[in-house]
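Summary of structural features
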Amino acid sequence: MSRRIEAGLSVVALGTWVALCGPAAAFTAYVTNEKGNSVSVIDSSTMAVTATWKVGRRPRGVTLSKDGKELFVCASDDDRIDVLDTSTGKVVRSLRSGPDPEQFILDASGTPLYVANEDDSQVTIIDIEKNKVLAEVPVGVEPEGMGLSPDGKILVNTSETTNMAHFIDTKTFQVIDNVLVDARPRFAEFTADGKFLWVSAEVGGTVSVIDVAQRRVIKKITFKIPSVNDEAIQPVGIRITKDGSKAFVALGPANRVAVIDAKTYEVEKYLPVGQRVWQLAFTPDQKQLFTTNGTSNDVSVIDVASEKVIKSIPVGLLPWGVAISPN
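On to the environment of R80, then. Locating R80 in the fold gives a position in strand β6 (residues 80–85). Every residue in contact with R80, bar those within four places of it in the chain, is listed here: G56, V73, C74, A75, S94, L95, S97 and P101.

This is the structure:
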């Protein structure tokens, strides 16, 4: 077969693939820039920054209201949570977060907001409509990671210095159990069925998989990358597909995202991304995964189906968190 005919067939095949798959859905990604005191706004279809919004000092955790009309940003050094109107990019109000809010998670109903306050070893629970603190829950030292079970009944906070995952009842706002994990746990992610909790340990270099019903670690996932020092492999952000088949783990200064079989817990591959990859977020259709790369000041876009990095997008200084619009 001639090369011209082969090329023609390739074009036809590509056209058929595009027709079957349809155009990629357009979502908006919001990236907090920790040293830029700003949020970079990215159009997922063009993979370009469309706006930069000013917020409070040292923005880290970021999430959206359920309707996508409001963006919540932890302004850690201002001890507050800025609330932005996503149609204008303007800060319209602030929430009483407690000191040094770092990460948070929103209840599926749209309120309350569960906030990790790093400086005073507590989780603050806020009614976002009334801007009212409903409870303050004492936890371990340097709380950061926040996970919420799919049924909304169990909140988990990870404490970086105490090295624990704290299980909190969302009805009573009481700690009901503590599970010891490896050093400096940074993130907590439930599987979609609520049966397992994955917790990353930045200094320990592992991810602990916890059986939620038994409250015990059933597996520790370790990482080994050729030509990368073990000390540079620092797991932070975790994202698990809805079908429970794959997990993606950001490995910090290793500059890689690990792709893991979430059933066998085997690491399948490492994807090179930007420098000091920190947090991750899927688009709602889970076709793309966005990563924040702190020291290269960019965002990597991973095509989930092919498990390949398809784009690097420059953003602001020290990108930290990322949230993506629900529609």
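Now that the structure is up, let's keep going.
Now for the sheet that holds strand β15 (residues 174–180). The 4 strands lie next to each other as β12-β13-β14-β15, forming an open sheet whose pairing is antiparallel. At either end of the open sheet lies a strand with only one pairing partner, and these are β12 (143–148) and β15. Within the sheet, the average angular offset between the axes of one strand and its neighbour, ignoring direction, is 25°. When strand β13 (residues 154–159) meets strand β14 (residues 164–169), the two strands line up antiparallel, connected through 6 bridges. For S159, the partnering residue across the bridge sits in β14 and is M164.

Our focus in this paragraph is the side chain of S44. Locating S44 in the fold gives a position in the loop between β2 (38–43) and β3 (48–54). Judged by its relative accessible area of 3%, S44 falls in the buried class. At 2.7 Å, the side chain of S44 and the backbone nitrogen of F27 are in polar contact. Excluding its chain neighbours within four sequence positions, the residues that come into contact with S44 are A25, A26, F27, Q288 and F290.

Rules of the game
- Residues numbered from 1 in each chain as written.
- Predicted model: local features only at pLDDT ≥ 70, side-chain atom pairs only at ≥ 80, totals over all residues.
- Heavy atoms only, no water.
- Helix = DSSP H or I, 4+ residues; strand = E, 2+ residues; numbered from the N terminus.
- Contact = heavy atoms within 4.5 Å.
- Pairing = 2+ DSSP bridges.
- Axes fitted to C-alpha atoms, helices over the stretch in contact; angles between N-to-C directions.
- Buried < 20%, exposed > 50% of the residue type's maximum accessible area, 1.4 Å probe, protein only.
- Polar contact = N/O pair within 3.5 Å; in protein donor to acceptor, adjacent residues only side chain to side chain.

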